[in-house]
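Summary of structural features
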Amino acid sequence: MRPWLKVVLALSLALNLAVIGIGAGAAWRFHGGGHDKGGPPMLGRFIFKDVGRREIRRLVQDHGGASDSVRNRRRGEMEQIIVLMRADELDLAAVSVIVDTHIIETNGFMRAVADTWEQRLQGLSLKERRRIADRMQHQLDHRSRHSGDRTRDH
């Protein structure tokens, strides 16, 4: 067999396996395998999406500096927790301080996002508010149809 034909057959096999893998992954995800989506959609997730990426980036900068510094702080928190967990003696007070600081900072950011969304709602007409409410209802209905038929025993 010619070398170039071997390469073509190998590429064809690789492509076929990739397509089969994608199909199997989609079937597993959407027909009961992983990603249990039980319960209604989260209001917070809707608010983040509705506020929009650009405004979220602005709020990140206003709340905690550049997104790189936020990432660095999050990484630092994780590294500190890892060090504490690997220590011979667990310093639960130090763990608690790091976790509490994270919660307070995250809560402050979430409050800023919610305030922004609430202010936006205040300036909308009834028609615009109803359009957002319709999107929320669609998400609620769509989500419950897909997750309602899956019941688990845990």
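See the structure above.
This section reports on the structure supplied with the text. Keep in mind it's a predicted model, so treat the numbers as computed, not measured.

Another point: the overall build of the protein. Helix and strand counts for the protein come out as six helices and zero strands. Going from the N terminus to the C terminus, the protein shows its helices and strands as α-α-α-α-α-α. Out of the 154 residues in the protein, the part that is buried amounts to 16%. Long-range contacts, defined as pairs at least 24 residues apart, comprise 68% of the intrachain contacts of the protein with a sequence gap of at least 6.

Positionally, E77 belongs in helix α4 (residues 67-86). Those residues in contact with E77 that lie beyond four places of it in its chain are I98 and H102.

For the rest of this paragraph, the subject is the environment of M42. Along the chain, M42 turns up in the loop between α1 (3-30) and α2 (43-51). With 97 residues separating them along the chain, M42 and Q139 place their C-alpha atoms 9.9 Å apart.

Next up on the list: a nonpolar patch on the surface. Taken together, the side chains of M1, W4, L5, V8 and L9 make up a nonpolar region of the molecular surface, amounting to roughly 540 Å² of accessible area. Here L9 is to be found in helix α1. Take L9: its relative accessible area is 45%, and that puts it in the partly exposed class.

All right, on to the pattern of salt bridges then. Pairing is possible between side chains of opposite charge, provided their charged atoms come close. One pass over the structure, following the stated rule, counts nine salt bridges. Where D50 meets R120, a salt bridge forms, and the shortest distance between an N and an O atom there is 2.3 Å. Taken together, the residues D50 in helix α2 and R120 in helix α5 (residues 92-122) connect sequence positions 70 residues apart. Taking the relative accessible area as the measure of exposure, D50 reaches 10% and is therefore buried. The exposure class of R120 is partly exposed, given its relative accessible area of 35%. R73 is the partner of E105 in a salt bridge, and the nearest nitrogen-oxygen pair spans 3.1 Å.

For the rest of this paragraph, the subject is α5. An α-helix turns once per 3.6 residues; consequently, residues spaced three or four apart project the same way. Helix length check: α5, at 31 residues, gives a terminal C-alpha distance of 44 Å against a target of 45 Å (1.5 Å per residue), a fit within 8%. Within α5 the residues assigned to the buried category are V95, I98, F109, V113, A114, T116 and W117.

Reading the values: rules and limits
Residues numbered from 1 in each chain as written. Predicted model: local features only at pLDDT ≥ 70, side-chain atom pairs only at ≥ 80, totals over all residues. Heavy atoms only, no water. Helix = DSSP H or I, 4+ residues; strand = E, 2+ residues; numbered from the N terminus. Buried < 20%, exposed > 50% of the residue type's maximum accessible area, 1.4 Å probe, protein only. Contact = heavy atoms within 4.5 Å. Patch = residues over 30% accessible without salt bridge, like charges linked within 9 Å, V, L, I, M, F, W, Y side chains within 5 Å. Areas by Shrake-Rupley, 256 points an atom, 1.4 Å probe, with all protein chains shown as cover. Salt bridge = Lys/Arg side-chain N within 4 Å of Asp/Glu carboxyl O. Expected span 1.5 Å × (residues − 1).

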